[in-house]
Structures are given as structure tokens and as C-alpha cells.
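An overview of the molecular structure
One-letter residues, chain by chain:
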Amino acid sequence: MKAKLLKPTLTSLGLAVAGLFFLLPFLWMISTSLKTDAEAFSIPAHWIPRVIQWSNYKKAVTTIPFFQQTLNTLYISVMTTVGTVISSALPAYGFARIKWPGRDALFTLVLATMMLPFAVQMIPMYVIFRQLGWVNSFKPLWVPSFFGAAFNIFLLRQFFMTIPKELSEAARIDGLSELGIFARIIMPLSRPAVTTVAVLNFLWAWTMFLEPLIFLNDPKLYTLSLGLRAFQSAHTAQWAVLMAAGVIFTVPIVLLFFAAQRVFIEGITLTGIKG
Amino acid sequence: MSRTQRRNLWLGLAFVSPWIVGFVLFLAFPMVQSLWYSFTDKNVMGAGGWVGLENYRELLLRDKLFRISLYNTLYITLLGVPLSLGLSLVLALMLNLKVRGISFYRTAFYIPSIVPAVAASMLWMWVLNPRYGLINDLLWRIGIKGPLWLGSPPWAKPALIIMSLWGVGNTMLIYLSSLQDVPSQLYEAAELDGAGVWSKFRHVTLPMITPVTLFNLIMGIINSFQYFTQAFIVSQGKGGPANSTLFYTLYLYQKAFRDLQMGYAAAMGWILFLIILSLTLLIVRFSKSWVYYEGGER
Amino acid sequence: MRNGFRQALAMVAVLSVFVLAGCGSSANQAGPAKDAGKVTIDVWHFWEGHESEAFKKVAEAFMKANPNIEVKVLDGADEAKILTAISGGTPPDVAILPEAEPIAQWAQSGAIEPIDSYLQSASFDVKTVAPAALALGKWKGKQYALPFMADAWALYYNKDLFKAANLDPEKPPTTIEELNALAAKLTKKDGSGNLTQAGFIPSYTENHFPLYIWAFGGEIMKDGKFQLTSPNTVAAIQWSADFHKKLGVDAVTRFKSGFGKYDSPEAALYTGKVAMAVDGEWQIRFIDEFSPKLNYGVVPFPVVAREKDRLKGLTWFNVNSVILPKGAKHSKEAWAFMQFLETPAAMDLMTESIFNIPTLTTSASTNKLAQNPNFKMFIDLVNGPNARAYEPNPVAGELADNLTAFVEGADQGTVDITKTLAELQAKLQASYDKAAK
């Protein structure tokens, strides 16, 4: 009897401790966002603000063109996610489910594109985008994602390689084309992986900083991560308002993540060989 | 080539074609140009000429800061990657259980990965404050005089590692998806054979998630070697105190945009490339002995 | 099978349609002005927040006086972004950098244009630009940048703490020797050896070593030759290291880590934790905001007694640099804007808003901030004979970062000062010689 209760209790305890470690700084962020600047970093630190400063949130959305920047960020995030899912899944399939000469060498090249630091590629990339006429637009930020991203190709390839060979072979015998196998068998079975890729990409695009900084030259195009800098000055910052902006920046993603969980983690009933 | 091989070659290339087109359009030129630059003393404006292997010689034989930055980067990679892999696996295992409020916990573990870097770094500088930060305050209560963290050269890197552990959400998520994919029949079969919790973990879970473990390991190394943003914010681009947080790509960035020595920076970039590539190929070669793919076409 | 191949091709075709469709919906391009005859110039700067708002007003004032020029301002542009744009072929017409150090390197690399020809026919009196500030924008005999506002450092001290230690609050230190003596009297420790009050800490808020080097009569560089191993320079570094050693390296670090946030009422200077501190002109406003009751004074940083006359009015200062990038499309209009920044109208408007030091010799009489005697002192220091900064050189960034890291180590007591300075001297001189060719 005792042994049966021990496991869930230990797990709950472990989860609670870990949860605290991860949530603590975020809770601190929320707490700071509701204080005045003077209180924000007072010594000794305390959690509950003396007077809750809801006005920080109002200031956060009125100091910067918050709505505009959110739309910009949303546009870029959605476009990159939409583009990258299909354009990465196809190559991943090619690397995982078909054997062809030169495949592994090309795959190594795919991986290799992630190994050269961005700083040395920044200026030649800028030149390419300039010649395409894309500088000072959103295009450098999302169009490349329509051509596959190495990270996603790699991840999906690993997942695709866990699906039993027999499924493909059976389908081939049934006369299904490779593309058909991809679309009707592999992709449906990979919903958790594909959703993971979509969510990870959306989040990465949402928080992207260096690329928007370099390629956007018009404040009207700025994204939220660039806009957050507006709360900082030479020797100081509006700390509490910055934290409020940070909270607002994070909340939609948290909600998205919460909702996405239902889709890709829970309740996936699989038929066939993969139980 | 046989007919099947040729057919497969066309098919394979067709599937990979979106990436190939993108590579040719966006990635090939920057890579080739930076490689060429690495053999020149070109500055940021493109002025300068061929110097052969001089940059590489200078870097590998004479540049003290190069060695320091490489050491710093190796330090956080060798410590940080295993820690982050271990932590994210443990968390993913916990989140894979049917415990009440599990959605809440999953979201909680993921939140730090999406907090904007500038806010996160500010937060951490306060959390790690040697006198009144959360961590040292807790240590104080149990009688330990906490270290000086970001303000002291020997503790700055461990502080950054702790900060980065907070961002294991991505890796954890990937592990979680993989755990969800493990067919329940395998567990059932193992249980029928009398396997206990640990045995199930060792003989069912671990092998089945090796494809994703390989992914997390390689991506962990690729990312760790290019660690930049948090250290940049926290040290204000200087890599202090006393060069203890001067990481490889930070030094590279300084060479490119502070000293305008694009050729030199490019050589640094390609040395890093070779290091990461060699490590990756090594890991992949060894992976054949421990990674299990149920369906890969090998 | 051909069928599969065709299908794969179809996928790529669908993708391309996607891309092309998306291409149509990008945001408005920043293009030329629609009004005929109006020229639009792009002005990029590094400010954010309310400082950025203040600059917008300067741009508006310019546009009012120059109705045929439209100014598009971009904020938050850091040096990497500006360099990428210049190198990539889409430079702004005017850029403002937060410091003077990059100028020589950017000039040497061909990223910026000299402005001597423009200066010859300038609409403003070039002699009204503070000479030391203007000199920072010169390299190899050519002028490449105009200064626009300065920061400068001086010694702040807490008069109440002086009184409490039986020291005359109207007699702050004027020599290093006096500083040492006063600091000793103003330092207190508790029973366990922890600092409770520090007379002076050379590394609070950061180590201002250039200031100390000059205060000792030393030099960092003179006419292209590094002077890091000269006796006075070494003495300055040694002085800072010894200062930390005397207070206790660990004790200092622990003490500093307990300081309240710099921009809050709990800052060390306001709560009596440090009696004297080197800080910039902005501290005057900070004190006004966070600790208005603080009974303080601010004086030029003390110098070694034997140089008391030669180094009178010593300050370390830096300026924002206004540059003309290579390839700027509208250099005539760009220059018109640059000139405007050197008039009291622009200078006073901006400095009064963001509390920086105006860099015109006439500022003491036109600028409202000069009514504050402490602030006026800063204006006078920047216009004075001992306003010092890094000598323009193409390895200034490398120099500053290397020395900073070195001094951090020296203060910790973990480096051999003389030996490391010699190594740095050799390394930096080699870098300089290569870069300045």
C-alpha cells in the first residue's frame, strides 16, 4: 500500500521543486512588473508590491507602438512557421525514408550550415537581400524559412526514422507513390513531432532579435523584441515597465503553448503498428 | 548505378530540393565568401588582399585571447551540454507521467525559454546577486556563504551555466515528444516479462529515444559552441570580468565589428566550423553503436 | 518513379506560389518622399526610449528650418547594424555613434567620408566647437566626425560623511596624496572585517583607469606610440591594485555586491556606503531624482601633487560622433543636418532634455543646464585644457577592452602588472602599426 503511494508523491514533490526553480524568475518578473521602479530592486527583496502598479502595464503598451509591433511579430512568426513545416518535412523524408547515393554527404552539408557563426555571414547575407530588394522589409526574416531549416530537417529526420520500415514497404507494394507515403502515412504518424517543430519555430521567430535588428531599417517594421529596448536608456531603464512589457511579450506564447499541448501531447490515438 | 538507385536518387533529390534551392540562394554565397575572406586581411568594407594561412597561423599560434575564448567555450560546452541533456530528460520523464496539473507543469518548465533575453538577463543578474539574490539568500539561510557569481572571474561561467539551464524547455519538449512516441505495447510486453521501473527505463525508454538523444546532443554542441547572447548582455559585450566570459563567438564578434577585421573573424569562424564538424562526425560515427532507428533506411 | 518525382516537383511549385503570394504582402518600403523637390535623408542613431523622443524634437526643429528636407529617424541602431548597412550598400545619410573610439578605425577602413571640404564652407563657426571634442573626430590630418554632446567624469563626495569624520566638507581632495589620506579616514569596517563604509573604491562603478593614468601624469598613447610601460602609467595601475589590496580584494567584492541598484534611492553613493566616487555628469540629475537631500559636492578628479598645476581641471570625457557614411545618397542634405547639430538650437534642445554636456564653447552662456554650478563645472572641464580622451587610433576598441580586462585582473591581485603591461604594449603596438598603415 505504502509503496504504491510513494511513487506519485515523490513525483509530485519532484515536479513541484522543479516547477518552482523554473517559475521563480518568471514570478519575480511579474512581481517586479507590479512595483514602482524604486521598489523594484530594493534591499532586502520582497515579493508583494506595496501598492500594485497596474499603470506599468498601461505604460508598457503606450510607450511603444505595441499593437503595431505585435502585428509585425505575429506576421513574421506565422509565416516562418507555415513555411518551415512543409519545406523541412519534405527534405527530412528524403533523408530518412529513402536510400540514395550521396544522401549522407548531403545531410552532413545540411548540418554543416548550422556550424558557421552568423556574424561572419551577416554582411554577405545582407548583400544578397539588398540585391533582391528585400532589405527593410520582412522578407529576409521569413522567406528563407520556406526553403527548409536545417534544425527542423534534422529533428524530423530523427523522428521519421523511428517509424517502422514495414509501413513504407507495405504502402509501396500497394502502389502508393513516395509523396503519397509521405503525405498519407508518415506525416499523420508524426503529428507530435511536426507540432513540436511548429511550436518551437513559432517561439524562436517570436523572440528573434539579431535578424530583425540588422535587416529592418524602419521603426514601423520593428518587432516586439526590438521594441522592448525602448524602455532602456544610457544609464538607467524603466525596469518595472520593462518587466511589464516582458510579461505581455511572454503571455500570448504561454497561452499558445498551453493550447498546443492538447494537440500534440495528449490524446493521440494511433492505429496500426505504432500503438 | 542501377535503375532503382537512379530512381531513388531522383526521388531523394526531389524531396530535398526545397532545401537545395534555399542553400544555393541564401547560404552558399555567404559560406563561400567567408571562406575566401579567411585567407585575406579584408576589413568590413571589403578592402584588403590575400594573406594565405596568416590568419590561421596568428590565431592558432599567437593569439592569447583566441585560446582564452576557446577555453571558455569548451568549459561551458563540456559542463553545460551534459547537464542540460540530463536535466531536460529528467524533466521530460516527469512530464510524461499522468499526474494532475501536468499541463500546468509543462507550461511552467517552458516559460523561461520564451522570456525575452533582455528581461531574463536582468532578472538573472538580480537572482544571482551575491548578497541579496534569491540563490545566495537561500544559501545564507542554510548557513552557506554564497559565491560571488557574475562579479567574480572563477564563478562567472558557472553562473552563466545555471542561467542557461533555465532554458532547457526546447530540449525537454523534444524529449517529451519522443517519449510520447514510444509504443505502449513495448512497455506492456516488458511488464509481462517482469520488468520493473528501472528495467523498463533502461531497456525500453532509453533505446527508443536514442534518435532524439543524438539530435539533442549534436544540437547542444552546435549551440553551445556558438553561445553568445546571454553572455553578451550580461557582460555588455566585454566578456568580463577579466575575460572570464569572453566566449568564442563573442571574441569573433569583437574582431568583426569592433576591430573591423573581417578576414580574421572569418578565419575564426571556419576554425570553429571545423571543430564542430569534426566533433559531430565523431559522434555520428560512434552513434551507430548506441542509436536505434526502428525504421530508418540505412 | 516518374510519378513521384512529378509530385515532388508539384510540391515545390506550390511552395513557390506561396512565396510569391507572400511577397506581395510585405510592409511599405521606406522610399523617397512623395513631394516633388523634397529630399529625404535617413538619420540613424543609437538612443532609445525618452532620449530617442528628445532627438525626434531636434529632427523636427531641423525640418522646420529646412522645409525642403525630410528627415527619417531610426533609433536603436548599434555599430554592427550601421557597419552592415554601409558595407552592404544601403547606408544611412547620417549616423550618430555613442562614442569617439571607432572613428579612426572606420576612417581607416573607408566606411566614412572626410568632412574637411564641408567644414571650409560651414554655415556655423567651427571655432565654437569645443576643441578637444572636435579633435576626437580627426584621423591622419582629416576630420571625419563632429562631436554632439559629451559625457565627462569627476569626483563626487558626500559632505555629511566628511563632517562625521571631522573633515572639512569644503576641502575635498585636490591631489592623489590627499585622496589616499581622506579615503583612509573615511573607511570603516565592522568586527568581522567587512566593510561598512568605503572612503573610495577605484573600481566603483567600474575602474576608470584612463582617468587614473592621466591623473598620475602618465599616458596611454602619444603620437601613435603606446606608453603603457612608462613609470607614471604603471604607477597608476599599481595604485589602484594596492588600493584594493589594502581594503581587501574579497571584502571589496562582497561590499560592492551589496550595493543597491545604481539608478535607485539605494545606490551606494546615496546611502553612505561610499564617501567619494568617480561618476559622470548624469549623476547630478540622478541625485536630484533619487536622493535630493544628499549633501554632496563634485570636483575635478585629483592629480598627483607634482603635476597639480599642469593637470588642473583634469577630466576624462567622451563624445557622440556624427558621421557621414560612405555611399550616403544625399551628402549635401546630410551635411546640412550635421551642421544643424552644431548650433546652440540643436545642442541645447537635446542636452537640456537628456542631461548630457553640450560641446560648444558658447554653451556655458546659452544652455539652461549651466545655471546649475555643478553642471557648469562639467561644461568648463570639457572646454578646458585638460579634457582628456583616448588619442584617436584605429585599435581604440581593442585597446580599451584589453586594458579593461587587464585592470580587472590587476585589481583582483591575480596578474603581474609590469609584465602584463609590457605584453599588452607589444601586442597593441603591433596591432596599431598594422592597422594604421
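Residues numbered from 1 in each chain as written. Chains lettered and ligands numbered in written order. Predicted model: local features only at pLDDT ≥ 70, side-chain atom pairs only at ≥ 80, totals over all residues. Heavy atoms only, no water.

**Digging into the overall build of chain C**
A count of helical and extended segments in chain C gives 18 helices and 14 strands. Overall, the C-alpha framework of chain C stretches about 85 × 65 × 45 Å when taken along its three principal axes. Buried residues in chain C amount to 58% of all 437 residues. Residue pairs at least 24 apart in sequence account for 75% of intrachain contacts in chain C once pairs closer than 6 positions are excluded. Carbon and sulfur atoms make up 54% of the accessible area of chain C, which amounts to about 17,300 Å² in all. (Helix = DSSP H or I, 4+ residues; strand = E, 2+ residues; numbered from the N terminus. Buried < 20%, exposed > 50% of the residue type's maximum accessible area, 1.4 Å probe, protein only. Contact = heavy atoms within 4.5 Å. Areas by Shrake-Rupley, 256 points an atom, 1.4 Å probe, with all protein chains shown as cover.)

**Things to note about the interface of chain B and chain A**
Each partner contributes residues to the interface: chain B has 96 residues there, and chain A has 101 residues. Here chain B packs against chain A, burying approximately 9,100 Å² in sum over the two surfaces, 79% of which is carbon and sulfur. The tally of links from chain B across to chain A stands at one salt bridge. Of the charged contacts in the structure, one is a salt bridge between Glu-178 of chain A and Arg-7 of chain B, with a shortest N-O distance of 3.9 Å. Counting the contacts that link chain B with chain A gives seven residue pairs in polar contact (both at pLDDT 80 or more). The element best represented in the side of chain B that touches chain A is helix α1 (residues 3-37) of chain B, accounting for 23 residues. Split by residue class, the side of chain B that touches chain A holds 70 nonpolar, 20 polar and six charged. (Buried area = accessible area lost by both parts, 1.4 Å probe. Salt bridge = Lys/Arg side-chain N within 4 Å of Asp/Glu carboxyl O. Polar contact = N/O pair within 3.5 Å; in protein donor to acceptor, adjacent residues only side chain to side chain. Nonpolar A, V, L, I, M, F, W, Y, C, P; charged D, E, K, R; others polar.)

**Digging into the interface of chain C and chain B**
Listed per partner, the contact involves 35 residues of chain C and 33 residues of chain B. Of the roughly 2,800 Å² buried where chain C meets chain B, counting both sides, 59% is carbon and sulfur surface. On the surface where chain C and chain B come into contact, there are four salt bridges. Among the salt bridges present, the one from Lys-238 of chain B reaches Asp-401 of chain C, with a minimum N-O distance of 3.3 Å. Secondary structure elements with two or more residues in the side of chain C that touches chain B: α1 (2-23), α3 (79-88), α4 (102-109), α11 (249-257), α17 (396-412) and α18 (417-435) of chain C. By residue number, the principal contributor to the side of chain C that touches chain B is α17 of chain C, which donates eight residues. Partitioning the side of chain C that touches chain B into residue classes produces 12 nonpolar, 13 polar and 10 charged.

**Here's the deal with the domain arrangement of chain B**
How big an interface is tends to be reported as the loss of accessible area on association of its parts. By domain assignment, chain B separates into domain 1 (1-26) and domain 2 (56-289). Taken over C-alpha atoms, the centre of domain 1 of chain B sits 34 Å from the centre of domain 2 of chain B. (Domains from an automatic or database assignment.)

**With respect to the side chain of Lys-35 of chain A**
Residues and elements named next belong to chain A. By the secondary structure assignment, Lys-35 is in the loop between α1 (2-33) and α2 (37-40). Buried and unpaired, Lys-35 has Glu-39 as its nearest opposite-charge partner, separated by 5.9 Å. Engagement of the side chain of Lys-35 in a polar contact is seen with the side chain of Ser-31, the distance being 3.5 Å. Leaving out residues up to four positions away in the same chain, Lys-35 has contacts with Trp-28, Ala-40, His-46, Trp-47, Pro-49, Gln-53, Asn-56 and Ala-240. (Lys, Arg positive; Asp, Glu negative; His and termini not counted.)

**Overview of helix α11 (residues 210-225) of chain B**
Count 3.6 residues to each turn of an α-helix, and residues three or four apart come out pointing the same way. The end-to-end C-alpha separation of α11 of chain B is 22 Å, in line with the 22 Å expected for 16 residues at 1.5 Å each. Among the 16 residues that make up α11 of chain B, 13 are buried, leaving the element largely enclosed by the rest of the structure. (Expected span 1.5 Å × (residues − 1).)

**Quick look at the pairing of strand β8 (residues 195-200) of chain C**
Residue and element names in this part refer to chain C. Burial of β8 is extensive: five of the six residues sit out of reach of the surface. Pairing geometry for strand β7 (residues 188-189) and β8, over two bridges, is antiparallel. In the strand pairing of β8, Lys-189 is matched with Leu-195. Linking β7 back to β8 in an antiparallel pair, the connection comprises five residues, with Gly-193 at a positive phi of about 90°. Where β8 meets strand β11 (residues 274-280), two bridges bridge the pair, whose relative direction is parallel. Looking at the pairing, Ala-198 lines up with Val-274 of β11. (Pairing = 2+ DSSP bridges.)

**Here we look at helix α8 (residues 169-181) of chain B**
All names here are of chain B. Taking 1.5 Å per residue as the helical rise, α8 with its 13 residues ought to reach 18 Å, and the 18 Å between its terminal C-alpha atoms agrees with that figure. Among the 13 residues of α8, 11 are classified as buried, and the element is accordingly described as predominantly covered. Among all positions of α8, only Gly-169, Thr-171, Met-172, Leu-173, Ile-174, Tyr-175, Leu-176, Ser-177, Ser-178, Leu-179 and Asp-181 are buried.

**A word on the packing of helix α3 (residues 64-95) of chain B against α8 of chain B**
All names here are of chain B. It is the contact of α3 with α8, at a shortest axis distance of 8 Å, that shows an interaxial angle of 45°. When the axes of α3 and α8 are compared, the pair comes out oblique. When you trace α3 past α8, the crossing you get is right-handed. Contacts between α3 and α8 involve Leu-85, Ser-88, Leu-89, Leu-91, Ala-92, Leu-93 and Leu-95 from the former and Thr-171, Met-172, Tyr-175, Leu-176 and Leu-179 from the latter. Partitioning the contact of α3 with α8 into residue classes produces 10 nonpolar, two polar and no charged. (Axes fitted to C-alpha atoms, helices over the stretch in contact; angles between N-to-C directions. Parallel < 35°, antiparallel > 145°, perpendicular 65-115°, else oblique. Left-handed = near helix turned anticlockwise from the far one by under 90°.)

**As for the environment of Ser-77 of chain A**
Residues and elements named next belong to chain A. Inspection of the secondary structure assignment puts Ser-77 in helix α4 (residues 66-96). Once you skip the residues sitting within four places of it in the chain, Ser-77 turns out to touch Phe-202, Ala-205 and Trp-206. A distance of 2.7 Å separates a polar side-chain atom of Ser-77 from the backbone oxygen of Thr-73.

**Quick word on the packing of aromatic side chains**
Tallying each qualifying case throughout the model produces 67 aromatic pairs over all chains. Aromatic side chains Tyr-126 of chain A and Phe-215 of chain A sit 6.1 Å apart centroid to centroid with 15° between the ring planes, which places their arrangement in the stacked category. Residue Tyr-126 of chain A is found in helix α6 (residues 122-132), and its partner Phe-215 of chain A is found in helix α12 (residues 210-215); the two are separated by 89 residues along the sequence. Three or more aromatic residues link up through ring pairs in this structure, and these residues are Phe-46, Trp-47, Phe-55, Phe-62, Phe-148, Phe-337 and Phe-340 of chain C. Its end group placed over the ring of Trp-28 of chain A, Lys-35 of chain A keeps NZ or CZ at 4.4 Å from the ring centre. The ring of Trp-44 of chain C carries the charged tip of Lys-81 of chain C above its face, separated from the ring centre by 5.0 Å. (Phe/Tyr/Trp six-rings, centres within 6.5 Å; stacked < 30°, edge-to-face > 60°. Lys NZ or Arg CZ within 6 Å of the ring centre and 35° of its normal.)

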